[in-house]
Amino acid sequence: GTNSFIWTVSNGTCPPSKDTVIVIVDQFPTTANAGANQNICSGTALLSGNTPTVGTSNWSIITSPGNVTSPSNATSTATVLPIGQSIFVYTISNGTCPASKDTMTITRDQFPSTSNAGTDQITCTTSLNMSATVPTLGAGSWTLVSGSGTVTSTNSATSSVTGLGSGQNIFVWSVVNGVCPASTDTVIITVPT
């Protein structure tokens, strides 16, 4: 707070000469906490810094383009985030004391390639090779939805399938990338009864 001091110079019976100095002692700011790193799929994220009890807060971006909607708000929104990493610094300042800073990273993943499981097939055998499209972005995997059959290489777009049962055997080819929603497509393999 504020501390006032008076410096007095006296000499004999003469009136003293006085001057006042004010020394203001600032409190150290609240320790900054920018929150946990985030993985997102859209171009918008919520920044969640701690609310200072001493000092004022401010968000800034130190890499990549982007926009902080309300930089002085501990829980501002960040928009226009590019694919990849964006690094943010959360700073709490108070007077002449050293500022407290914390850094957090937001990683934006790209949507995966559109899944294409291939055309439906009719076969008289209990095994064949799948014909899905290999994703250019993300990783694919096969899942049996109904019927029967064993996929030899779950992550291969052209994996062989054995043990197909009579009737319809339904498989889903899912393509995922990071935290983005999976892209899925279904293929039906029919073994005539």
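Preceding this paragraph is the structure being described.
Reading guide: rules and limits
Residues numbered from 1 in each chain as written. Predicted model: local features only at pLDDT ≥ 70, side-chain atom pairs only at ≥ 80, totals over all residues. Heavy atoms only, no water. Pairing = 2+ DSSP bridges. Helix = DSSP H or I, 4+ residues; strand = E, 2+ residues; numbered from the N terminus. Contact = heavy atoms within 4.5 Å.

In this section: the sheet that holds strand β14 (residues 160-162). Ordered by their spatial adjacency, three strands build an open sheet running β11-β14-β13, and the pairing between neighbours is antiparallel. Either end of the sheet is taken by a strand with one partner, and the two such strands are β11 (128-129) and β13 (150-151). Direction of pairing for β13 relative to β14: antiparallel, over a ladder of two bridges. Across the sheet, T150 pairs through a bridge with T162, a residue of β14.

Attention now goes to the environment of I24. As for its position among the elements, I24 is in strand β2 (residues 17-24). Counting along the chain gives 22 residues from I24 to T2, while the straight-line C-alpha distance between them is 4.5 Å. Among residues more than four places away in sequence, those in contact with I24 are G1 and T2.

Its identity is not glycine, yet V80 carries a phi of approximately 55°, on the positive side. Relative to the helices and strands, V80 is located in the loop between β7 (77-79) and β8 (84-93).

Once that is clear, we can look at the sheet that holds β7. Picture the strands of a sheet paired through backbone hydrogen bonds; they go either parallel or antiparallel. Spatially, β4-β7-β6 is the arrangement adopted by the three strands of the open sheet, whose pairing is antiparallel. With partners counted over all chains shown, the strands left at the sheet margins are β4 (45-46) and β6 (67-68), one partner each. As judged from the two bridges shared by β6 and β7, these two strands associate in the antiparallel manner. Directly across from V68, in β7, lies its bridge partner A78.

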